[in-house]
Amino acid sequence: AVEVINGEKRYSITLLQAMFDSNVDYMLPILYYSCCSYSMEAILAESPSMAPECLRTLLIGREKLQLRSKKYITKLPDILHACTGSTSCMMPNDKKCPPIARFANLCDLVESTDLCVIASFRTICERMLVPSPGICKGCRSLVMRTIESERQKIWTEIPSMFGHPDWHVLQEKLHAATCIS
């Protein structure tokens, strides 16, 4: 049974522990990542049922992911500045986007470890960019491509945050485990 504490269903923690106990290491990084979205209170509530090494890896990896996410979030204003008025600018009359656009309320992202939330178009351009739309379509596109590139870098680092080899190696292990001869 999956318990609910403070409204959080912790399926991922239960599955993480099962995969850890079964030594299905190619599934662990994605499950650790999934568990990072839970509050510390929820993780600690589950800690008595978790193997100490599994819990240790989760907490250390969660801290690394939070730090890396915060570094990414602090780079967002620099990304906006570098992309605004760039060669991709589509303002009429060969003018460049004025450097008045800025991100508002980035502090709302600081506690998130969900890369889909902190790098989504809706979050970044629709909710955080002011004044709305703030910049032309070309500059906005360049901002989002740059942000996606940063998100991909973080995604690539996730297995190592939890002490595992890169995604490619894990994919090979998964294939080997599921390949029928």
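Above: the structure in question.
Residues numbered from 1 in each chain as written. Predicted model: local features only at pLDDT ≥ 70, side-chain atom pairs only at ≥ 80, totals over all residues. Heavy atoms only, no water.

**Quick notes on the overall build of the protein**
Part 1: Along the backbone of the protein there are 8 helices and 4 strands.
Part 2: Overall, the protein shows an N-to-C arrangement of helices and strands of β-β-α-α-α-α-β-α-α-β-α-α.
Part 3: Residues classed as buried in the protein amount to 42% of the 181 residues present.
Part 4: Of the roughly 10,200 Å² of accessible surface on the protein, 57% is carried by carbon and sulfur atoms. (Helix = DSSP H or I, 4+ residues; strand = E, 2+ residues; numbered from the N terminus. Buried < 20%, exposed > 50% of the residue type's maximum accessible area, 1.4 Å probe, protein only. Areas by Shrake-Rupley, 256 points an atom, 1.4 Å probe, with all protein chains shown as cover.)

**Some remarks on the packing of aromatic side chains**
Part 1: One pass over the full model with this rule turns up 3 aromatic pairs.
Part 2: Relative to Phe 162, the ring of Tyr 32 has its centre 5.1 Å away and its plane inclined at 10°; by these criteria the two rings are stacked. Residue Tyr 32 is found in helix 2 (residues 28-35), and its partner Phe 162 is found in the loop between helix 7 (137-161) and helix 8 (167-178); the two are separated by 130 residues along the sequence.
Part 3: On the accessibility criterion, Tyr 32 (1% relative accessible area) is buried.
Part 4: Looking at Phe 162, the relative accessible area reads 4%, which means it is buried.
Part 5: Here Tyr 33 and Trp 155 contribute two aromatic rings whose centre-to-centre distance is 5.4 Å and whose plane-to-plane angle is 90°, an arrangement assigned as edge-to-face. Of this pair, Tyr 33 sits in helix 2 while Trp 155 sits in helix 7; the two residues are 122 residues apart in sequence, bridging distant segments of the chain. (Phe/Tyr/Trp six-rings, centres within 6.5 Å; stacked < 30°, edge-to-face > 60°.)

**What to know about the packing of helix 4 (residues 52-83) against helix 7**
Part 1: At a minimum axis distance of 10 Å, the contact between helix 4 and helix 7 shows a crossing angle of 160°. On the basis of the axis angle, helix 4 is roughly antiparallel to helix 7. In terms of crossing hand, the pair formed by helix 4 and helix 7 is right-handed. Only Cys 139, Leu 142, Val 143, Thr 146, Ile 147, Glu 150, Lys 153, Ile 154, Glu 157, Ile 158, Ser 160 and Met 161 of helix 7 make contact with helix 4, whose side of the interface consists of Gly 61, Lys 64, Leu 65, Arg 68, Tyr 72, Lys 75, Leu 76, Ile 79, Leu 80 and Cys 83.
Part 2: Broken down by class, the residue content of the contact of helix 4 with helix 7 amounts to 13 nonpolar, 3 polar and 6 charged. (Axes fitted to C-alpha atoms, helices over the stretch in contact; angles between N-to-C directions. Parallel < 35°, antiparallel > 145°, perpendicular 65-115°, else oblique. Left-handed = near helix turned anticlockwise from the far one by under 90°. Contact = heavy atoms within 4.5 Å. Nonpolar A, V, L, I, M, F, W, Y, C, P; charged D, E, K, R; others polar.)

**Points about the nonpolar core**
Part 1: Within the largest apolar cluster, 49 residues are counted, with the highest numbers of intra-cluster contacts made by Leu 16, Tyr 72, Leu 76, Phe 103, Ile 124 and Ile 147.
Part 2: If you tally residues by element for this core, the top one is helix 4, at 10 residues.
Part 3: When sequence neighbours within four positions are dropped, the list of residues in contact with Phe 103 reads Leu 76, Pro 77, Leu 80, Ile 124, Met 128, Leu 129 and Val 143. (Core = buried A, V, L, I, M, F, W, Y, C linked by side-chain atoms within 4.5 Å.)

**Regarding the environment of Arg 56**
Part 1: As for its position among the elements, Arg 56 is in helix 4.
Part 2: Looking at Arg 56, the relative accessible area reads 48%, which means it is partly exposed.
Part 3: Separated by 106 residues in sequence, Arg 56 and Phe 162 have C-alpha atoms that sit 9.7 Å apart.

**Considering the pattern of salt bridges**
Part 1: In this structure the tally under the stated criterion is 6 salt bridges.
Part 2: With a closest N to O distance of 2.9 Å, Glu 157 and Arg 68 form a salt bridge. Residue Glu 157 is found in helix 7, and its partner Arg 68 is found in helix 4; the two are separated by 89 residues along the sequence.
Part 3: A residue is classified by how much of its surface remains accessible, and Glu 157, at 28% relative accessible area, is partly exposed.
Part 4: A residue is classified by how much of its surface remains accessible, and Arg 68, at 16% relative accessible area, is buried.
Part 5: Note that Glu 150 is salt-bridged to Lys 153, the shortest N-O span being 3.1 Å. (Salt bridge = Lys/Arg side-chain N within 4 Å of Asp/Glu carboxyl O.)

**Let's talk about unusual backbone geometry**
Part 1: One non-glycine residue, Asn 23, lies in the positive phi region at around 60°.
Part 2: Inspection of the secondary structure assignment puts Asn 23 in the loop between helix 1 (11-21) and helix 2.

In short, the description is geometric, and any link to function would need to be established separately.
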